[in-house]
Amino acid sequence: MKLSVGIQQDGRGDGQGRLDGRVHYDAHKTTLNLLGMTLTEVTLDEERSKKLGSKQGVVVLLADRDRDAYLAGVRNGDLVAEVNSTRITRLQDVRRVLSEQDPHEPIFMFLWDGTGWRFVNLSFITSLP
């Protein structure tokens with residue numbers, strides 16, 4: 001899978017931000033950490049942009065093998081197409097979907113791994129402090 005990172009910074013200060021106690025993002029909005037995976041925005045190659053219908057997308061940089069996302073089937077390099085039936089092309093889309101959701105409800109993700117599509121079900125329940 002050929003991806004090039006397209007980092008966007010909003011210039012609103014330094015440090016970490018959070019949507020709730022379990023979802024963290026950096027102040028420059030270049031990454032989002034969710035249930036043991038780190039997401040970032042990317043500029044997609046021509047093949048991937050045709051599949052997603054956008055030149056921009058969100059990819060899993062890292063899925064921690066000991067955390068919820070990896071155990072549910074999320075892998076490094078997966079392209080996030082949808083979260084809870086909402087099309088995802090930017091980290092802002094993920095933040096918006098999650099901010100509108102009850103943290104006890106599962107998260108449904110539709111992913112492209114370069115060879116095919118798959119659906120995963122994630123939940124905050126196992127990550128509650």
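Attention in this report is confined to the structure presented alongside it.

### Quick word on a nonpolar patch on the surface
Inference 1: Judged by side-chain polarity, Phe108, Phe110, Trp117 and Phe119 come together as a nonpolar surface patch covering roughly 380 Å² of accessible area.
Inference 2: Going through the elements one at a time, strand 9 (107-112) and strand 10 (117-122) are the ones with two or more residues in the nonpolar patch.
Inference 3: With respect to the helices and strands, Phe108 occurs in strand 9.

### A word on the packing of aromatic side chains
Inference 1: Inspection of every chain in the model, using the stated rule, returns three aromatic pairs.
Inference 2: Ring plane angle 10° and centroid distance 5.7 Å describe the contact between Phe108 and Phe119, whose orientation is recorded as stacked. Here Phe108 is found in strand 9, whereas its partner Phe119 is found in strand 10, with 11 residues between them in sequence.
Inference 3: Here the guanidinium or amino end of Arg75 rests over the ring plane of Tyr70, the centre of that ring lying 3.7 Å away.

### A word on unusual backbone geometry
Inference 1: Positive phi outside glycine occurs at Leu35, with the angle close to 50°.
Inference 2: Inspection of the secondary structure assignment puts Leu35 in the loop between strand 4 (31-34) and strand 5 (37-44).
Inference 3: Given the relative accessible area of 2%, Leu35 is considered buried.
Inference 4: If you check the backbone angles, Asn84 has positive phi at about 50° while not being a glycine.
Inference 5: As for its position among the elements, Asn84 is in the loop between strand 7 (79-83) and strand 8 (86-87).

Parameters at a glance
Numbers given for residues are sequential positions, taken from 1 along each chain in its written order. The model is predicted, so local features are restricted to residues of pLDDT at least 70 and side-chain atom pairs to those at 80 or more, both for listing and for counting; the totals for chains, interfaces and linings are taken over all residues. Heavy atoms throughout the structure, all of them, feed into the side-chain values; hydrogens and water do not. Here the term patch refers to residues with relative accessible area over 30% and no salt bridge, with like charges joined within 9 Å and nonpolar side chains (Val, Leu, Ile, Met, Phe, Trp, Tyr) within 5 Å. Values of accessible area rely on a 1.4 Å probe in the Shrake-Rupley scheme; residue burial ignores everything except the protein chains shown. The rule for a salt bridge is simple: a side-chain nitrogen of Lys or Arg has to be within 4 Å of a carboxyl oxygen of Asp or Glu. Strands here mean DSSP runs of E at least two residues long; helices mean DSSP runs of H or I at least four residues long; both are numbered from the N terminus. Pairing of aromatic side chains requires ring centres within 6.5 Å, counting the rings of Phe and Tyr and the six-membered ring of Trp. Pairs whose planes differ by under 30 degrees are stacked, by over 60 edge-to-face, and all others tilted. Either the NZ atom of lysine or the CZ atom of arginine qualifies as a charge over a ring when it sits within 6 Å of the ring centre and within 35 degrees of the ring normal. Only protein chains enter the calculation, and the probe is 1.4 Å; a residue is then buried if its accessible area is under 20% of its type maximum, exposed if over 50%, and partly exposed in between.

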